[in-house]
Amino acid sequence: MNKILLVFVLTVFFSTNSFVNCSAKNKQSQSSSIKMNQNNKLAIVWTSADKEVAEKMVFMYAYNAAKFGWWDEINFIIWGPSSKLLSEDTDLQDYIRKMKEVGIKVYACKACADMYKVSDKLLEIGIEVKYMGKPLSEYLQKDYKVITF
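Residues numbered from 1 in each chain as written. Predicted model: local features only at pLDDT ≥ 70, side-chain atom pairs only at ≥ 80, totals over all residues. Heavy atoms only, no water.

### Focus on helix H3 (residues 81–88)
Stage number 1. Listing the buried residues of H3 in full gives Ser82, Ser83, Leu85, Leu86 and Ser87.
Stage number 2. If you follow the buried residues of H3, they end up packed against strand S1 (41–46), helix H2 (51–67), strand S2 (73–78), helix H4 (90–101), helix H5 (110–115) and helix H6 (119–125). (Buried < 20%, exposed > 50% of the residue type's maximum accessible area, 1.4 Å probe, protein only. Helix = DSSP H or I, 4+ residues; strand = E, 2+ residues; numbered from the N terminus. Contact = heavy atoms within 4.5 Å.)

Rendered as structure tokens:
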């Protein structure tokens, strides 16, 4: 009886191990083909007026994604309350300059910036201020990856 149980356990182990190895190889080849076919462009839409969210997530991710080449193209869109926060906060303004140095394209929504009366300040910082509804729609239609904070 013990021999039968041992044979059964070994059969199950080797069968499962072979299946796991096949699955891993199959997943590996699938992820390679996905990566090759993947559109490697990102649009980040920053809307939050929370400085901590900006510094500890949004800006950090955007900067490192550009610095380490995780994306071929990164477009950073300042939209809504974030435009007011940025116009008043020199630390965030410096971080935006740093992001531009690593190749991130930075835009601000003109409609929102005008509502907050900060368009001129954002232009002084070196941000392109323009209406962003159509560009965002194009990013979505062209299958950019879009994340919003």
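The rest of the description comes next.
### Side note on the state of the cysteines
Stage number 1. Evaluated as defined, the whole model comprises 0 disulfides.
Stage number 2. With no disulfide partner, Cys109 has as its closest neighbouring cysteine sulfur the one in Cys112, 3.6 Å distant.
Stage number 3. Relative accessible area serves as the criterion here: at 4%, Cys109 is assigned to the buried category. (Disulfide = S-S within 2.5 Å.)

### Topic: the sheet that holds S1
Stage number 1. Pairing is parallel across the open sheet formed by 5 strands, whose spatial order is S4-S3-S2-S1-S5. This sheet does not close on itself; its edge strands, each paired only once, are strand S4 (128–130) and strand S5 (145–148). The sheet shows a mean angle of 25 degrees between the axes of neighbouring strands, taken without regard to direction.
Stage number 2. Summarising the sheet, strand S3 (residues 105–109) and S4 pair through 3 bridges and their orientation is parallel. Across the sheet, Cys109 pairs through a bridge with Lys130, a residue of S4.
Stage number 3. Lying on the sheet, H4 is in contact with S1, S2 and S3; it crosses S2 at an angle near 155 degrees. (Pairing = 2+ DSSP bridges. Axes fitted to C-alpha atoms, helices over the stretch in contact; angles between N-to-C directions.)

### Considering the side chain of Gln93
Stage number 1. By secondary structure assignment, the location of Gln93 is in helix H4.
Stage number 2. Taking the relative accessible area as the measure of exposure, Gln93 reaches 5% and is therefore buried.
Stage number 3. What Gln93 contacts, discounting residues up to four positions off in sequence, is Leu86, Ser87, Glu88, Lys121 and Ile125.

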